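Examination of the molecular architecture
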Amino acid sequence: MFVSFFMRPGWFFLSFALWALLCIGGWYGYFADQGATFSIGVSFPQALAATADEAAQAAFATAQSEASEFWFYQYMLVGYAVFVGVWLWLARDQRWSRWSIAGSALIVFITWFQVQVSVMLNEWYGGFYDLIQNALGNPGKVSIGEYYSELSTVAVIIMTAVAVSVFNRFFVSHYVFRWRHAMNDYYTSRWGQLRQIEGASQRIQEDTMRFATIVEDLGVSFLESVMTLLAFLPILWGLSAYVTELPLIGEVPQALVMVALVWSIVGTALLALAGIKLPGLEFNNQKVEAAYRKELVYGEDHEHRAHPQTLSELFADVRANYFRLYRNYLYFNVVRYGYLNVGQFVPLIALAPAIMAGAFTLGIMQRILNAFRQVQDSFQYLVNSWTTIVELQSIYKRLRAFERTLQEREAAQVNAEQLQGRSL
């Protein structure tokens with residue numbers, strides 16, 4: 001599954017995680033403040049005198065922010081270039097190295113960029129809703145021109161987000177097909193050893209397609225969850241200063257972060273408990289479907305196969321397993337949809353004392369709700385992806401059993417050749 005597409009997949013993913021942590025630590029520990037020394041093509045503003053007026057301080061802050069952002073992009077580019085360059089050199093003889101290494105790096109970067117767009121939109125919503133509150137509370141103070149001007153500022157952000165999203169989906173589609181192509185070539189080159197395994201044709205044709213697609217979707221969503229958490233958790237941490245008290249509990253440090261974390265842990269535990277039987281049932285479902293389909297295929301070429309009685313018995317197994325699956329999904333969905341719908345009101349409940357005390361403006365409230373939702377969704381990765389993970393577990397079990405049989409037969413063949421060589 002992985003060896004066909006990635007060179008040394010275990011080392012590849014481990015090295016990526018370690019390199020990412022090293023780069024993050026290096027940025028916050030040292031390089032974030034070294035832009036004036038190492039950045040290329042941008043000048044950092046000179047420090048202001050203590051007597052500088054507010055306009056000068058605002059201009060300095062803007063220039064400093066823009067230069068720091070440009071320096072961060074340079075730092076990321078160097079980090080990516082080092083990691084990708086080293087692995088491309090190590091995997092220079094591997095057919096799919098450009099897609100598996102450079103393609104994965106590009107997907108990670110695009111995912112990070114999309115999260116940054118979400119951060120910019122969160123900031124924009126805060127200012128926009130403050131403008132609305134000012135307009136509603138002070139009729140005539142905000143002109144129609146100012147209102148439309150504020151709306152127009154978000155147009156560039158949205159157009160950029162749309163363009164990047166379209167390109168990302170196009171590229172990911174090609175990436176997934178290359179991964180499927182790699183698995184297909186790996187299995188078909190060993191067809192002589194696999195053709196006798198039950199459901200071999202389905203596993204090569206269908207399971208490779210579904211596995212590549214699901215792993216990519218889950219991988220991208222997992223990266224997005226991690227990066228969203230890294231981007232919005234500090235924002236929510238800062239906004240928690242407006243919320244010092246929770247209903248029925250009282251004062252809690254960093255209350256919003258604590259609520260998001262506890263609520264997500266509760267949901268994950270509930271969903272795991274409610275769906276504990278689903279992976280096994282999905283796996284059995286594919287087994288009985290494969291047996292039924294195989295008998296029908298034999299019946300096309302052999303008159304003595306696929307008799308009505310045999311097909312009826314095989315379909316009865318299909319029916320029984322589906323009904324067990326439906327029963328388990330019934331109470332799983334009760335828990336899942338109940339939890340997700342109640343979760344919409346959790347931040348409003350947590351904000352109740354602060355709202356009643358008038359602790360913040362409407363714009364800040366929108367920023368809090370959006371940041372809370374982003375952090376909550378990141379913590380709830382398993383909750384939101386549980387049914388897809390169940391399906392992936394089923395496919396993985398089938399392909400793993402497939403490969404285990406292949407490995408056993410290859411080992412047996414090697415042993416037989418060794419014994420034959422000794423006898424000669």
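Residues numbered from 1 in each chain as written. Predicted model: local features only at pLDDT ≥ 70, side-chain atom pairs only at ≥ 80, totals over all residues. Heavy atoms only, no water.

1. Focus on the overall build of the protein
Selection criterion: Secondary structure is summarised from DSSP: a helix means a run of H or I of at least four residues, a strand means a run of E of at least two, and numbering begins at the N terminus for each. Think of it in three bands: with a 1.4 Å probe and only protein chains considered, a residue is buried below 20% of the maximum accessible area for its type, exposed above 50%, and partly exposed in between. Every residue pair with non-hydrogen atoms within 4.5 Å of one another is taken to be in contact. Each accessible area value is a Shrake-Rupley result obtained with a 1.4 Å probe; residue values ignore everything except the protein chains displayed when judging cover.
Secondary structure assignment for the protein yields 13 helices and two strands. Within the protein, the proportion of its 424 residues that are buried is 37%. Pairs at least 24 residues apart make up 79% of the contacts formed inside the protein by residues separated by at least 6 positions. In the form shown here, the protein has an accessible surface area of approximately 24,500 Å², with 63% of it arising from carbon and sulfur atoms.

2. As for the pattern of salt bridges
This is how the line gets drawn: By salt bridge we mean one thing: a side-chain nitrogen of Lys or Arg within 4 Å of a carboxyl oxygen of Asp or Glu.
This structure, assessed with the given rule, holds one salt bridge. For Asp185, the salt bridge identified is with Arg95, shortest N-O distance 2.9 Å. Here Asp185, found in helix H5 (residues 144–188), pairs with Arg95, found in the loop between helix H3 (54–90) and helix H4 (97–137); they are 90 residues apart in sequence, far enough to count as distant. Residue classification places Arg95 among the exposed positions, given a relative accessible area of 59%.

3. So, H5
Our working rule: Expected helix span is computed as 1.5 Å times (number of residues minus one).
Here H5 spans 66 Å end to end across 45 residues, near enough to the 66 Å set by a 1.5 Å rise per residue. Looking only at H5, the buried set comprises Val154, Ile157, Val164, Asn168, Phe171, Val172, Tyr175, Val176, Trp179, Ala182, Met183 and Tyr187.

4. A look at the UniProt feature "transmembrane region" (unreviewed entry) in the protein
The following threshold applies: UniProt positions are given in the numbering used here, feature names are shortened, and annotations may be inferred rather than shown by experiment.
In the numbering used here, UniProt assigns the "transmembrane region" (unreviewed entry) feature to residues 12–30, 70–90, 102–121, 151–171, 218–243, 255–276 and 345–365. Along residues 70–90 the backbone is 100% helical and 0% strand, and the end-to-end C-alpha distance reaches 31 Å. Annotated as residues 102–121, this span is 100% helix and 0% strand, and its ends, taken at the C-alpha atoms, are 29 Å apart.

5. Focus on the packing of helix H9 (residues 278–301) against helix H10 (residues 308–343)
Operational definition: Working convention: axes come from line fits to C-alpha atoms, limited for helices to the stretch in contact. Angles between N-to-C directions cover 0 to 180 degrees. Throughout, the term roughly parallel applies to angles under 35 degrees, roughly antiparallel to angles over 145, roughly perpendicular to angles from 65 to 115, and oblique to all others. It is the rotation of the near helix from the far one that decides the hand of a crossing: anticlockwise by less than a right angle makes it left-handed, clockwise makes it right-handed. Here the nonpolar group is Ala, Val, Leu, Ile, Met, Phe, Trp, Tyr, Cys and Pro; Asp, Glu, Lys and Arg are the charged ones; every other residue, Gly included, is treated as polar.
Running from amino to carboxyl end, H9 crosses H10 at an angle of 160°, the nearest separation of the two axes being 9 Å. When the interaxial angle is binned, H9 and H10 end up roughly antiparallel. H9 and H10 meet at a crossing whose hand is left-handed. A per-class count over the contact of H9 with H10 returns 14 nonpolar, five polar and five charged.

6. Regarding unusual backbone geometry
A positive phi angle is found at Arg8, which is not glycine, with a value near 50°. Among the secondary structure elements, Arg8 is positioned in the segment before helix H1 (9–29).

7. As for the packing of H1 against H3
Between H1 and H3, the shortest axis-to-axis distance is 11 Å and the interhelical angle comes to 155°. Considering the angle they form, H1 stands roughly antiparallel to H3. By crossing handedness, the relation of H1 to H3 is classed as right-handed. Touching Trp11, Phe12, Ser15, Phe16, Trp19, Cys23, Gly26 and Trp27 of H1 are Ser68, Trp71, Phe72, Tyr75, Gly79, Val82, Phe83 and Trp87, all from H3. Classifying every residue of the contact of H1 with H3 by side-chain character gives twelve nonpolar, four polar and no charged.

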